[in-house]
Structure formats: C-alpha cells, structure tokens
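Per-entry structural report
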Amino acid sequence: MTTTTTRAPVLRGPVDGPFLPAGDLAEAVTDFHRAGAAERRWDVETAVDWTAADANRLTDGQRSAVRFITLIEDHLPGYFAVYTRRFPLTDEVSEQDFAHHRELYHFTVRWAVEEDSHARALFRYQTDSGIARPDDLRRELAAEGRKPFELPHDESVALFAYALVQEKATQIYYQQLRSVVGDPVLAELLNRLSRDEARHFAFMADILERYLRVYGDAVVEPIRDVIASFRMPLADTMRGYWRWALRIADAARYDHTDAYEHLIRIVNRAVDAPSDRVDELTRFVAACRTAAPLPLTTPAAVPPAAASA
Ligand SMILES: [Fe+2]
Ligand SMILES: [Fe+2]
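A separate point is the overall build of the protein. The secondary structure content of the protein amounts to twelve helices and zero strands. Here the protein has a C-alpha radius of gyration of 19 Å; the compact-globule value for 309 residues is 19 Å, and the two agree. Out of the 309 residues in the protein, the part that is buried amounts to 51%. Counting contacts in the protein only where the partners sit at least 6 residues apart, residues at least 24 apart contribute 85% of the total. Accessible surface, the protein: about 14,100 Å² in total, of which carbon and sulfur atoms supply 50%. Distance between charge centroids for the protein: 5 Å, based on 37 positive and 47 negative side chains.

In structure tokens, the structure reads:
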C-alpha cells in the first residue's frame with residue numbers, strides 16, 4: 001500500500017439513471033440552500049485573523065496534514081468536471097434527464113463555490129503561517145491539479161453514494177484534526193470547513209434516502225459497488241498518496257470507513273421494512289469498516305442527518 005505509482009483514470013460520459021424525479025431533487029436542493037443561508041456563510045478574507053496564523057505552533061505531522069488536505073481540496077476543478085461531464089446540460093441527454101441535471105446544477109455550483117473557498121483558505125493558511133511560499137505552493141498544486149479525476153461508476157446513485165462517504169470522511173477528519181492542532185487560527189478554519197462538509201454530507205444523505213424510497217432494491221447493487229471499490233479522491237493519481245495518508249493519520253485519526261456507519265443509518269432510515277437485499281447491503285457495509293462493526297441501528301434510534309451539520 002506504500003506504492004508511489006500512479007495511473008490516469010479513464011474519463012467517462014453521461015451516467016445512467018435511474019434519476020430522481022426533478023421535483024424531488026429540487027426539494028433536496030432547496031433544503032441544501034436553506035441550510036446554508038446567509039447567516040451561516042463565511043468568506044476567506046474575514047473568517048479568521050490571518051495575521052495570527054503561525055505554523056510554528058504545529059507539529060511536523062500537523063503541517064504535513066495541512067499540506068495534504070490543501071492538495072485534496074485544490075483539486076476542485078477536477079471534481080466539478082465530473083458533474084459537468086457526467087450530468088451534461090446539453091442535447092446529449094433527453095429533455096427529462098436535462099430537467100434533472102439542471103436541478104442538480106443548482107446544487108453543484110453552490111457546492112463548488114464552497115469547496116473552492118476551502119482551497120483558497122488552506123492556501124492562505126499555508127502562506128500566511130509560514131508553511132510555504134506562494135509561488136512554490138502554486139507549482140506544487142499545479143503538478144497534481146492538472147491530472148484528470150474520474151469515478152469508476154456508471155450509475156448516478158453510485159456517484160451520490162461515493163460523494164456521501166467522501167464528504168462524511170472529510171468532515172470527520174477535519175473535526176479530529178481541529179481538536180489536536182496547536183494554532184487556534186487553523187482550528188477555527190477547520191471548524192468552518194467541517195461544518196460545510198457536514199452540509200454537503202446532509203445533501204447527499206437526503207438524495208440517497210430519496211433514491212432508496214423511490215427505487216428500493218434496484219439501487220442496492222450500485223451502492224454496494226461503491227463501498228466494495230471505495231478509494232478517497234486522488235488515491236490513484238497523487239504522487240506518494242499512501243505515504244501521505246499514513247503520515248496524516250499520525251496527526252489525527254483518518255479512516256474513510258468511519259463514514260460507513262452513517263451510510264448504514266441512512267439506509268435503515270429510508271427503508272421501513274428491509275428486504276433481504278437491503279439487509280445484505282447493511283451487513284456488507286458494516287463488515288467493510290476497519291474498526292469492529294457497530295451493531296446495526298434501528299430506524300427509531302437514528303438521529304436526523306442534519307444533526308451532524
Ligand atoms: Fe472541502
Ligand atoms: Fe465538501
């Protein structure tokens with residue numbers, strides 16, 4: 001797992017359905033915008049006192065973690081291109097699918113603005129705290145940023161399930177890193193970032209629940225495929241990814257399978273009377289956790305996804 005070889009992904013075309021009815025998707029998108037209303041927004045320039053940023057207060061492992069998450073966040077153009085390539089707003093798709101994709105776009109542009117601010121904020125932290133010089137950092141980011149990104153799935157629900165796990169795993173990591181870093185400016189920044197990731201997760205959780213309610217067993221297999229092949233973004237393309245991943249895990253617990261219990265909760269909440277296939281899915285996801293599998297939760301015991309926002 002410590003290999004430094006990389007391989008370029010094959011870029012794919014429009015995803016297959018089934019898609020949620022455009023009206024259902026629009027409800028979820030509206031809830032997402034409501035959760036990020038003006039009073040909860042922040043901007044890079046005023047969110048923290050940049051003059052106080054001081055990397056001398058960080059351990060080597062924490063500095064390494066900041067450099068790693070900057071690389072991941074800065075790849076946004078590659079992630080955004082997945083949505084535009086795979087949910088195209090062109091005559092490649094039917095009018096019905098276009099209507100769905102147009103609603104999704106109302107989410108993706110807003111999400112992209114927020115993710116781009118994460119990249120800018122981490123860049124600013126690195127340069128103002130003394131971790132890196134701007135031109136050196138730009139070069140480092142460009143070397144990775146120009147590599148293409150793709151997800152190895154062809155069904156739309158799989159892309160949402162992937163995003164759900166990735167957003168939750170990122171949120172958990174930022175919270176854990178925040179609790180140990182020695183620089184209060186970085187702690188405040190990580191707090192902002194983790195709250196945004198929590199809202200991104202809540203949107204994906206809403207989408208997945210709606211899929212399970214509308215399509216039931218028909219979407220179990222694509223969700224299973226996502227877990228079976230899950231790798232965090234850039235794991236296949238970033239130079240030295242696994243070495244980095246081990247080093248940042250020294251700074252704070254970093255295990256994307258921590259997000260799996262949240263996926264199980266969503267499945268249980270969406271399905272009133274689980275079929276054999278749904279049961280098998282939740283057992284499979286639990287078994288894929290690195291830690292000992294948690295007892296499966298019952299729907300009544302599950303808090304709403306928004307509770308994590
Ligand atoms: Fe982010
Ligand atoms: Fe996010």
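Don't stop here, the text continues.
Per-residue confidence for the protein averages 90 on the pLDDT scale, and 92% of its residues sit at or above 70. When the elements of the protein are averaged for pLDDT, helix H10 (residues 241-251) gives the smallest value, 82, and helix H5 (residues 95-129) the largest, 98. Throughout residues 292-309 the model reports pLDDT below 50, and contacts reaching past four residues in sequence, or to other chains, amount to 27 contacts.

Attention shifts here to the coordination of the iron ion (ligand 2). For the iron ion (ligand 2), the full set of protein donor atoms is Glu-115 (OE), Glu-167 (OE), Glu-167 (OE), Glu-197 (OE) and His-200 (ND1), at a range of 1.9 to 2.7 Å. Each donor residue of the iron ion (ligand 2) lies on the same chain, and together they follow the pattern E-x51-E-x29-E-x2-H.

Around the iron ion (ligand 1), the protein supplies Glu-73 (OE), Glu-73 (OE), Glu-115 (OE), His-118 (ND1) and Glu-197 (OE) as donor atoms, at distances of 2.0 to 2.4 Å. Along the chain, the residues donating to the iron ion (ligand 1) fall in the pattern E-x41-E-x2-H-x78-E. The iron ion (ligand 2) is placed at 3.9 Å from the iron ion (ligand 1), the two being bridged by Glu-115. Highlighted residues: Glu-73 in helix H3 (residues 60-73) and Glu-115 in helix H5, separated in sequence by 42 residues. Residue classification places Glu-73 among the buried positions, given a relative accessible area of 5%. On the basis of relative accessibility, which here comes to 6%, the residue Glu-115 falls in the buried class.

Another point: the environment of Arg-138. Mapping Arg-138 onto the fold places it in helix H6 (residues 134-145). Considered as a pair, Arg-138 and Phe-123 are 15 residues apart in the sequence and their alpha carbons are 8.8 Å apart.

In this section: empty space enclosed by the protein. Evaluation of the coordinates by the stated rule reveals two cavities of 30 Å³ or more. Taken as a whole, the largest cavity encloses approximately 260 Å³ of empty space. As for the largest cavity, its lining consists of 16 residues, of which Tyr-79, Trp-111, Tyr-162, Gln-166 and Glu-167 are closest to the centre. Broken down by secondary-structure element, the contributors of at least two residues to the lining of the largest cavity are H3, helix H4 (76-86), H5 and helix H7 (156-178). For the lining of the largest cavity, the element with the highest residue contribution is H7, accounting for five residues. In terms of residue class, the lining of the largest cavity is made up of eleven nonpolar, one polar and four charged. One number sums up the size of the second largest cavity: a volume of about 80 Å³. Along the walls of the second largest cavity sit Phe-68, Ile-69, Ile-72, Gln-166, Thr-170, Tyr-173, Tyr-174, Met-232 and Tyr-254, which together make up its complete lining. Elements with a minimum of two residues in the lining of the second largest cavity: H3 and H7.

Okay, the pattern of salt bridges next. Close approach of charged atoms allows side chains of opposite charge to pair. Per the stated rule, a full pass over the model turns up 28 salt bridges. The shortest N-O distance in the salt bridge between Asp-154 and Arg-86 comes to 2.9 Å. Of this pair, Asp-154 sits in the loop between H6 and H7 while Arg-86 sits in helix H4, and the two are 68 residues apart along the sequence. Judged by relative accessible area, Asp-154 falls into the partly exposed class, the value being 35%. For Arg-138, the salt bridge is made with Asp-135, and the minimal N-O distance between the two is 2.9 Å. Placement of the pair is Arg-138 and Asp-135 together in helix H6, with a separation of three residues, close to one helical turn. Linked through salt bridges whose partners overlap, the residues forming this network are Arg-253, Asp-255, Asp-258, Glu-261, Arg-265 and Arg-289.

What counts, and where the lines are drawn
Residues numbered from 1 in each chain as written. Chains lettered and ligands numbered in written order. Predicted model: local features only at pLDDT ≥ 70, side-chain atom pairs only at ≥ 80, totals over all residues. Heavy atoms only, no water. Helix = DSSP H or I, 4+ residues; strand = E, 2+ residues; numbered from the N terminus. Rg over C-alpha atoms; globule rule 2.2 N^0.38 Å. Buried < 20%, exposed > 50% of the residue type's maximum accessible area, 1.4 Å probe, protein only. Contact = heavy atoms within 4.5 Å. Areas by Shrake-Rupley, 256 points an atom, 1.4 Å probe, with all protein chains shown as cover. Lys, Arg positive; Asp, Glu negative; His and termini not counted. Charge placed at Lys NZ, Arg CZ, Asp CG, Glu CD. pLDDT = per-residue confidence, 0-100. Donors = N, O, S within 2.8 Å, 3.2 Å for Na, K, Ca; no water. 1 Å grid on protein atoms, 1.4 Å probe; cavity = no way out; pocket = protein on both sides within 12 Å on 5 of 7 lines; lining within 4 Å. Points joined across faces, edges and corners; volume = space filled by probe spheres on them. Nonpolar A, V, L, I, M, F, W, Y, C, P; charged D, E, K, R; others polar. Salt bridge = Lys/Arg side-chain N within 4 Å of Asp/Glu carboxyl O.

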